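The residues making up each chain are set out below.
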Amino acid sequence: MAVQARKRPRIVVMGGGTGLSVMLRGLKEKPLDITAIVTVADDGGSSGILRSELQMPPPGDIRNVLTALADVEPLLSDILKYRFKTGSGLAGHSLGNLILAAMTDLHGDFVTAVKEMSRVFVVRGQVLPAAGEAVILHAEMEDGTIVTGESKIPEAGGRIKRISLEPEHVEPLPEALEAIQQADAILIGPGSLYTSILPNLLVPKLAEAIVSSEAIKMFVCNVMTQPGETDNYTVSDHLQAVYDHIGLHLFDYVIVNDGEIPPQVQDKYAQKGAKPVVLDRDEVTSRGYKLIADKLVLFRTYLRHDADKLSNHIFQLVQDWTTRKG
């Protein structure tokens with residue numbers, strides 16, 4: 001009698017921005033069934049223009065994730081990322097964003113457009129917007145002022161107390177809820193804490209599904225602080241912000257970089273107001289989180305997570321978890 005092939009572990013990855021895309025390039029090489037749930041709060045740049053003019057969810061973060069998971073030649077990946085530098089109405093737009101906008105118009109809705117683009121570009125996994133409609137992000141600052149708009153929040157220059165969504169009770173995609181309910185592992189981050197990560201977790205039914213899931217839950221902390229969002233934040237400060245918004249201890253494991261960042265690289269980031277996120281190890285572990293700390297960064301033009309090392313740690317945790325579950 002033939003032995004039934006073991007199913008690939010199912011992992012749901014949530015976030016947005018460059019960090020998520022870098023990590024997914026490593027994870028897609030692992031035998032995992034990946035679903036990426038991506039924020040729809042972006043209102044700046046090309047995404048903001050298309051969102052405003054075409055009344056569609058912002059395509060930028062979705063396009064980055066599709067490109068990261070696509071099984072295409074490097075040239076085609078570069079074409080999707082290509083951003084026009086000149087041209088009235090074209091300057092600033094990426095070709096991938098325009099293709100997603102065209103497919104939304106062709107198919108009548110954004111979710112179908114994302115599915116069709118996934119099929120055309122042979123995406124390894126499933127990519128889903130957190131909701132079928134764009135959301136507006138509000139931030140209440142420590143001084144009581146309210147800042148509206150994802151792109152405006154980091155520019156406000158104050159310390160963020162709390163963020164909220166409009167509409168407050170936005171409905172998640174049924175496919176996103178189903179993916180979370182069936183997941184063996186749920187991975188949050190890396191990405192901008194207040195403008196990429198928390199907007200997903202504030203979609204009410206998504207947070208509830210994550211809390212009730214028996215999957216292993218992991219948080220990948222950013223390597224550097226983000227000016228206007230996480231100035232002087234430690235690792236435990238990131239975790240506290242999630243707890244303050246969700247009201248629950250969400251993660252089993254926290255994955256962080258503890259590799260040294262060269263002084264010249266730190267100097268480059270310090271000019272923009274960013275510095276390494278301090279690993280306050282004792283504070284993190286005293287709160288009940290299991291810590292995975294390793295040298296997880298590479299530096300070329302910018303600091304990025306080492307996608308291979310990071311995905312190795314994630315895959316090992318998922319394998320161990322699914323083995324224990326039987």
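Note that residues are indexed from 1 along each chain, following the sequence as it is written. Residues qualify for local features only when their pLDDT is at least 70, as the model is predicted, and side-chain atom pairs are given and counted only at 80 or more; totals for whole chains, interfaces and linings, by contrast, use all residues. Hydrogens and water are ignored here; the side-chain numbers use all heavy atoms of the structure.

An unreviewed UniProt entry annotates the protein as Gluconeogenesis factor originating from Paenibacillus glucanolyticus. UniProt positions are given in the numbering used here, feature names are shortened, and annotations may be inferred rather than shown by experiment. In its Function (unreviewed entry) section, the UniProt entry covering the protein states "Required for morphogenesis under gluconeogenic growth conditions." Within the UniProt record for the protein, the comment given under Sequence similarities (unreviewed entry) is "Belongs to the gluconeogenesis factor family."

Chemist: Quick question: what am I supposed to make of the pairing of strand 7 (residues 185-188) here?
Modeler: Each regular strand shows side chains that alternate between the opposite faces of the sheet. In strand 7, alternate side chains face the same way, and those of Ala185 and Leu187 on one face and Ile186 and Ile188 on the other are all buried. One requirement defines pairing of two strands: DSSP has to find at least two bridges between them. Helix numbering and strand numbering both begin at the N terminus, where a helix is a DSSP run of H or I of at least 4 residues and a strand a DSSP run of E of at least 2. Where strand 1 (residues 10-15) lies against strand 7, four bridges are found, and the strand directions are parallel. Bridge pairing in strand 7 places Val12 opposite Ile186. Two strands pair when backbone bridges link them, and strand 7 and strand 8 (residues 216-220) are joined in this way by four bridges, in the parallel orientation. Across the sheet, the residue bridging to Ile186 is Lys217, located in strand 8. Here the term buried applies to any residue with accessible area under 20% of the maximum for its type, exposed to any over 50%, and partly exposed to those in between, with areas from a 1.4 Å probe on protein chains only.

Chemist: Sorry if this is basic, but what is going on with the pattern of salt bridges here?
Modeler: Opposite charge on two side chains lets them pair, provided their charged atoms get close. Salt bridge criterion: a side-chain nitrogen from Lys or Arg within 4 Å of a carboxyl oxygen from Asp or Glu. All told, the structure shown has 10 salt bridges when counted by the stated rule. Residue Lys309 is joined to Asp294 by a salt bridge in which the shortest nitrogen-to-oxygen separation is 3.7 Å. On the criterion of sequence distance, the pair formed by Lys309 in helix 13 (residues 307-325) and Asp294 in strand 10 (residues 290-294) is long-range, its members being 15 residues apart. With a relative accessible area of 22%, Asp294 lands in the partly exposed category. Residues participating in the shared-partner salt-bridge network are Glu29, Asp71 and Arg124.

Chemist: Sorry, what's going on with the sheet that holds strand 6 (residues 160-166) here?
Modeler: Spatially, the three strands line up as an open sheet ordered 5-4-6, and their pairing is antiparallel. Two strands lie at the open edges of the sheet, namely strand 5 (146-148) and strand 6, each paired on one side alone. The average undirected angle you get between the axes of adjacent strands in this sheet is 25°. Two strands pair when backbone bridges link them, and strand 4 (residues 136-141) and strand 6 are joined in this way by six bridges, in the antiparallel orientation. When the bridges of strand 6 are listed, Ala139 appears paired with Ile163. Only the contacting stretch of a helix is used when fitting its axis, a line to C-alpha atoms as for every element, and angles between N-to-C directions run 0 to 180 degrees.

Chemist: I keep staring at the packing of aromatic side chains and nothing clicks. Help me out?
Modeler: The geometry of an aromatic ring pair is captured by two quantities: the separation of the ring centres and the angle between the planes. Working definition: a ring pair exists when centres of Phe, Tyr or Trp rings (six-membered ring for Trp) sit within 6.5 Å. Plane angles under 30 degrees give stacked, over 60 give edge-to-face, the rest tilted. Following the criterion strictly, the structure yields three aromatic pairs and no others. Measuring from centroid to centroid gives 6.3 Å for Tyr194 and Tyr233, while their planes differ by 75°, and the two rings are edge-to-face. On the criterion of sequence distance, the pair formed by Tyr194 in helix 8 (residues 193-201) and Tyr233 in the loop between strand 8 and helix 10 (235-246) is long-range, its members being 39 residues apart. Judged by centre distance (5.0 Å) and plane angle (35°), the ring pair of Phe219 and Phe251 falls under tilted. Of this pair, Phe219 sits in strand 8 while Phe251 sits in the loop between helix 10 and strand 9 (253-257), placing them 32 residues apart in sequence. Taken individually, Phe219 and Phe251 each receive the classification buried, so the pair is uniform in this respect. Charge-over-ring contacts are defined here by two conditions on Lys NZ or Arg CZ: a distance within 6 Å of the ring centre and an angle within 35 degrees of the ring normal. In this arrangement the basic side chain of Lys268 is found over the ring face of Tyr302, its NZ or CZ atom lying 5.4 Å from the centre. One Lys or Arg, Lys290, reaches over the ring of Tyr253 and ends 5.5 Å from the middle of that ring.

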